[in-house]
Amino acid sequence: MTVADNKKSRVGSIARACKIVKRMSPNANKSELCYYDLLTTYYTRLQEAEQNGKFIAAHTVFFPVEILYAMDLVPLHTESTMMISTLFLGNQSDYLAAGSELKLAPEICSAHRSLAGAYALGALPRPDVMLWSNLICDNSAKSGELLSQLNHCPRFFLEHPFGDSPEEEKYLIAELEDLISFLEEQSGHKMNWDRLSEYIANMNQEIALFLEVQELRKAVPSPFYNRGYLEFLAADYLFPGQPEAINYLQIVRDELADLVKQGKGAVQPEKFRIMSLFVPPLYLIGSLDKIFQENGAVSVTEPFFNYWPEFKLDPAKPLESIAKKFMFTPERRMMYGPLGDTTINELIKCAKDYKVDGAVYYAYIGCRQTCATIKLFKDVLNKIDVPVLTLDIDLIDPTVNTQSEIQQKLEQFFELLQDR
Amino acid sequence: VKSELLEKFREVNNTFPQTQEIQEYKKQQRKVIGWLCTYVPEEIIHAAGALPVRITGYNHEVELEDGTAYMYINNCSFSRSCLQLGLRGEYDFLDGIAGGSTCDGARRLFDLWRYYLKPSFYHVLTVPRKTHERAHQLYHSQIAEFKNHLEASLGVTITDKALLNSIQLYNESRSLLQELYELRKLDEPLITGAETMEVMNASFRMSKELFNKYLREFIQELKTSGQGQKCRARLMLSGSVMTNTEFIKSIEDLQVLVVTDELCNSTRYWSDPVILDGKSPLQAISDRYLDNFPCARMYPSDERFNRIVSLARDFKVDGIISQIIRYCVSYAHDVPLISDRLKREEIPILFLDVEYGTSGTGQIRTRVQAFLEMIEAKKK
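Remember, it's a predicted structure, so these values are computed and weren't measured experimentally.

**With respect to the overall build of chain B**
When helices and strands are counted, chain B shows 16 helices and 8 strands. Summarising its shape, the C-alpha atoms of chain B cover approximately 65 × 45 × 40 Å along the three principal directions. Within the span of chain B, comprising 380 residues, buried residues form 64% of the whole. Carbon and sulfur atoms provide 48% of the accessible area of chain B, an area that totals close to 13900 Å². Looking at chain B, you have 48 positive and 51 negative side-chain charges, and the mean spots of the two groups are 2 Å apart.

Here you go:
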């Protein structure tokens, strides 16, 4: 099992596609244009790293990327890259087929299947190290060994404990220390602790901005355009603690504050305030935007992703801070750790705070832990009179749903909300 | 094998979860605790004076309407099957449940069980995927917390003496099962794979005191009057949890014998004893459970692969049948890696996608038949 020996991967194509889409969107919001710039910066840097032999650290989702930046390593976010590639290049079918050839079963998350396929085809830069963790599912936990074998590169598995007891927090901090030692040994780069502290201080600013944006989105009408919340994730996934993220988040915040001041909503008139649970099919994102727009629906909150609590990190204790950030990350709270009353109460509070009329649960077939709570969350939300639509989808595989099927189900749901 | 003892094991399996022994326990006001995964140390439950039983699903393939409605179609049929039995009141006798953070299906099964079935005692352990020193320390603290929680909930004190007694009892059980498996190493094994599965299923559904008694007598019976069985090929079974003896029987009907396995309800359940070696009972238990024959969830996978190869050599198997329940993602991710490894070891492997409880359909038999022909052609 090896990677095809392509000298050039396809990350340059993603960067070019982002620039083209930006050029073709003269009327886009400033924040959306900034989002395209973020992606262009990220993938151009990767392309240059590949060309110039800089140390590339491939990593799975919810990885402490702040550490990679502080060590001057070039990160490659594997799952996000597959999603972004789907959005901008639409070439997922080839990667999925290559994943199948590796004997990866269809029930494995399509992002991970296509990722292995993309590596097998040489579509991604060959990493110098493969890093992964068990946040937030078995697919993440199990994907790294195959990827490192495909790339013949050293590997590190970062283990997150399940709970948040003091012992478990200590365990995670020690894992982070091991990660740094591993990276220093493999890359020859020393950890720059001052820089890491600086990024942690920036994270405090980021968290404050997340909270401000969350607050602004409570306004009636809600100001954030529908696909905005997915773009929003790029800041923390790709640039945590980086000036690029802060710049982007400030633009979003200012834009939303301005709209709220003017009493303008993302959709006009705003008829339905929707809670989005998990992620919609990315290959249909444009169509979904249109369907929501035409029906006066707007996603006002996404508790699995954009529901941060208030907390402060201590730049003088960078590793403790990274561990703390993980404990508070919405994805970890809602989708990973033991599901207790706290999580359920947060969901209820979220629905009430955002005055949601209904919720759409994207039942992604490759994501078992989020689908296992569909009935439970539905029961909880129904008790507070919030109807829930469940849509069976795949994130990137276009063979699972058609646009018309999803449109029909959504329109029926909006009719139901209208009748209430 | 015709044996009254084997029939007793069969009787336990056919009546589970409502077995006579469990009903008697309840009549005597004794506690019964259900456990959801082999990373939950039974010795602690036993030392607390309770009966530990493994929560399993239906013994055969059934429609999982409730399981699917509550857990969704993309969670493994084992989890859905267990939950459905719970939702339908079959496990109402339980005084509590214990689970581990072992896989997405297991942890969500625990979450839903807790929410909908509201057991009076529930505990989930953080089970590390690594086995280095730090992981051992964390797991030990988790086990200690579990012990404390159980003591508080049941109103008992779990003494070291009680733990030592439980260790001895459970090790005896492991040792007997080892002895049973030795009978499968023979050129003409004294017991079939389906019959062994019957014994294994009973092992976590009854008290170890009674199980050990029956098993000791059964092994003696096999040794004295058992007849060796010839076969076309010796196979090993690998992959997800699997409790339906009919599945193995349908394979063995093709004149082969399943002589060993790598399943969490068989070899991975009993293979490693608790070794005291001067350690505290709790430390010894914790070490055993973390270092045991690993599940596919553990990292790195090499340890599991090494043990599979070693088992295949020890039991002189001609090929491995890997049956992976749909959506059992930890095992599914290992397919390319283990294929690669076994190819290098020149051990043939057949991968089957199955549902929990499946009894071996025509399609499975056809694929196994083709696999056997390939093995036989290779032998020539």
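**Things to note about the pattern of salt bridges**
Applying the stated criterion across every chain yields a total of 57 salt bridges over all chains. A salt bridge links Arg227 of chain A to Asp289 of chain A; the shortest N-O distance between them is 2.0 Å. Of this pair, Arg227 of chain A sits in the loop between helix 9 (193–216) and helix 10 (228–238) while Asp289 of chain A sits in helix 12 (residues 285–294), and the two are 62 residues apart along the sequence. The closest approach of N and O atoms between Arg307 of chain B and Asp272 of chain B, which form a salt bridge, is 2.8 Å. In this pair, Arg307 of chain B sits in helix 14 (residues 302–314) while Asp272 of chain B sits in the loop between helix 12 (267–270) and helix 13 (281–291), placing the two residues 35 residues apart along the sequence. Judged by its relative accessible area of 15%, Asp272 of chain B falls in the buried class. A network of salt bridges, in which partner residues are shared, links Asp138 and Arg368 of chain A together with Asp104, Arg107 and Arg129 of chain B.

**Points about the environment of Asp194 of chain A**
Inspection of the secondary structure assignment puts Asp194 of chain A in helix 9. When the C-alpha atoms of Asp194 of chain A and Thr86 of chain A are compared, they prove to be 37 Å apart, with 108 residues separating the residues in sequence.

**Side note on the sheet that holds strand 5 (residues 272–277) of chain A**
Residues and elements named next belong to chain A. Spatially, 4 strands are ordered 6-5-7-8 in an open sheet, and the strand pairing comes out parallel. Each having just a single partner strand, strand 6 (297–301) and strand 8 (388–393) make up the two edges of the open sheet. Sheet twist, expressed as the average angle between the axes of neighbouring strands with direction ignored, equals 35°. Note that strand 5 and strand 7 (residues 358–364) share 4 bridges and pair parallel. When the bridges of strand 7 are listed, Ser276 appears paired with Val360.

**Looking at the packing of aromatic side chains**
Across all of its chains, the model carries 43 aromatic pairs over all chains by this definition. Arranged with centres 6.0 Å apart and planes meeting at 10°, the rings of Phe278 of chain A and Tyr364 of chain A form a pair that is stacked. You can see Phe278 of chain A sitting in the loop between strand 5 and helix 12 and its partner Tyr364 of chain A sitting in strand 7, a full 86 residues away along the chain. According to the relative accessible area criterion, Phe278 of chain A is buried, its value standing at 7%. A relative accessible area of 2% means that Tyr364 of chain A is categorised as buried. Considering the side-chain rings of Phe110 of chain B and Tyr122 of chain B, the 6.4 Å spacing of their centres and the 65° angle between planes classify their relative orientation as edge-to-face. Placement of the pair is Phe110 of chain B in helix 6 (residues 104–117) and Tyr122 of chain B in strand 4 (residues 122–125), with a sequence separation of 12 residues. Relative accessible area serves as the criterion here: at 3%, Phe110 of chain B is assigned to the buried category.

**Focus on the pairing of strand 4 (residues 155–158) of chain A**
All names here are of chain A. Here 4 bridges tie strand 3 (residues 129–133) to strand 4, and the two strands are oriented parallel to one another. Each bridged residue has a counterpart across the sheet, and for Trp132 the counterpart in strand 4 is Phe157. Between strand 3 and its parallel partner strand 4, the chain crosses via helix 7 (residues 138–151), and the hand of that crossover is right-handed.

**Section: the interface of chain B and chain A**
Each partner contributes residues to the interface: chain B has 51 residues there, and chain A has 60 residues. Regarding the contact of chain B and chain A, the summed buried area is about 4600 Å², with carbon and sulfur atoms giving 54% of it. Seen at the junction of chain B and chain A, the total is 7 salt bridges. In this structure, Glu175 of chain A and Lys130 of chain B form a salt bridge, with 2.7 Å as the shortest nitrogen-oxygen distance. Those elements that provide at least two residues to the side of chain B that touches chain A are helix 4 (65–71), helix 6, helix 7 (133–154) and helix 15 (329–345) of chain B. The leading source of residues in the side of chain B that touches chain A is helix 15 of chain B, at 10 residues. Taken together, the residues of the side of chain B that touches chain A break down into 26 nonpolar, 13 polar and 12 charged.

**As for unusual backbone geometry**
Looking along the chain, the bond that leaves Val220 of chain A and enters Pro221 of chain A is cis, with omega of 0°. Residue placement: Pro221 of chain A occurs in the loop between helix 9 and helix 10. Note that the residue after Phe16 of chain B, namely Pro17 of chain B, is joined by a cis bond; omega there is 5°. Its location among the elements puts Pro17 of chain B in the loop between helix 1 (4–15) and helix 2 (20–27).

**Some thoughts on the pairing of strand 2 (residues 51–54) of chain B**
Looking along a regular strand, one sees the side chains alternate between the two faces of the sheet. Residues and elements named next belong to chain B. The two faces of strand 2 match: Leu51 and Val53 on one face and Pro52 and Arg54 on the other face are all buried. In this structure, strand 1 (residues 32–35) lies alongside strand 2, joined through 4 bridges in parallel fashion. By the bridge assignment, Gly34 is partnered in strand 2 with Val53. Tracing the backbone out of strand 1, into helix 3 (residues 42–47) and back to the parallel element strand 2 gives a crossover that is right-handed.

**Details of the sheet that holds strand 4 of chain B**
Residues and elements named next belong to chain B. A sheet is described by the order of its strands in space; here 4 strands give the open sequence 2-1-3-4, paired in parallel fashion. Lying at the two open borders of the sheet, with one neighbouring strand each, are strand 2 and strand 4. Between one strand and the next, the sheet's axes are offset by a mean angle of 25°, whatever the strand orientation. Against the sheet, helix 6 touches strand 3 (96–100) and strand 4, its axis set at about 155° to strand 3.

**Section: the environment of Val260 of chain A**
Along the polypeptide, Val260 of chain A turns up in helix 11 (residues 243–262). In this structure, the C-alpha to C-alpha distance between Val260 of chain A and Arg227 of chain A, residues 33 residues apart in sequence, is 18 Å.

**A short note on the side chain of Glu21 of chain B**
All names here are of chain B. Summarising the element assignment, Glu21 is placed in helix 2. In this structure Glu21 is buried but unpaired, with Arg30 as the nearest side chain of opposite charge at 7.5 Å. Here the side chain of Glu21 touches Ser207 through a polar contact of 2.4 Å, side chain to side chain. Each residue touching Glu21, except ones within four places of it in the same chain, is listed here: Met206, Ser207 and Leu210.

**Some points on helix 11 (residues 245–252) of chain B**
Residues and elements named next belong to chain B. When you tally the buried positions in helix 11, you get 6 out of 8 residues, the bulk of the element. Within helix 11, the full set of buried residues consists of Thr245, Phe247, Ile248, Ser250, Ile251 and Glu252. Where helix 11 is buried, its residues meet helix 9 (193–203), strand 5 (234–239), strand 6 (257–262), strand 7 (319–325), strand 8 (349–354) and helix 16 (362–379). One side-chain oxygen at the N-terminal end of helix 11 lies 2.9 Å from the backbone nitrogen of Glu246; it belongs to Asn244.

**Some points on a positive patch on the surface**
Positive charge collects at one region of the surface, where Lys8, Arg10, Arg16, Lys19 and Arg23 of chain A lie side by side. Its location among the elements puts Lys19 of chain A in helix 1 (residues 11–23).

**Details of the packing of helix 12 of chain A against helix 18 (residues 403–419) of chain A**
Residue and element names in this part refer to chain A. Running from N to C, helix 12 and helix 18 cross one another at 25°; their axes reach a closest spacing of 11 Å. Taken together, the axes of helix 12 and helix 18 lie roughly parallel to each other. Two packed elements cross with a definite hand, and for helix 12 against helix 18 that hand is right-handed. Residue-level inspection shows Ser287, Leu288, Ile291 and Phe292 of helix 12 in contact with helix 18, the latter providing Gln403, Ile406, Gln407, Leu410 and Phe414. Across the contact of helix 12 with helix 18, the residue classes tally to 6 nonpolar, 3 polar and no charged.

Conventions and cut-offs
Residues numbered from 1 in each chain as written. Chains lettered and ligands numbered in written order. Predicted model: local features only at pLDDT ≥ 70, side-chain atom pairs only at ≥ 80, totals over all residues. Heavy atoms only, no water. Helix = DSSP H or I, 4+ residues; strand = E, 2+ residues; numbered from the N terminus. Buried < 20%, exposed > 50% of the residue type's maximum accessible area, 1.4 Å probe, protein only. Areas by Shrake-Rupley, 256 points an atom, 1.4 Å probe, with all protein chains shown as cover. Lys, Arg positive; Asp, Glu negative; His and termini not counted. Charge placed at Lys NZ, Arg CZ, Asp CG, Glu CD. Salt bridge = Lys/Arg side-chain N within 4 Å of Asp/Glu carboxyl O. Pairing = 2+ DSSP bridges. Axes fitted to C-alpha atoms, helices over the stretch in contact; angles between N-to-C directions. Phe/Tyr/Trp six-rings, centres within 6.5 Å; stacked < 30°, edge-to-face > 60°. Right-handed = clockwise from strand over helix to strand, strands pointing away. Contact = heavy atoms within 4.5 Å. Buried area = accessible area lost by both parts, 1.4 Å probe. Nonpolar A, V, L, I, M, F, W, Y, C, P; charged D, E, K, R; others polar. Polar contact = N/O pair within 3.5 Å; in protein donor to acceptor, adjacent residues only side chain to side chain. Patch = residues over 30% accessible without salt bridge, like charges linked within 9 Å, V, L, I, M, F, W, Y side chains within 5 Å. Parallel < 35°, antiparallel > 145°, perpendicular 65-115°, else oblique. Left-handed = near helix turned anticlockwise from the far one by under 90°.

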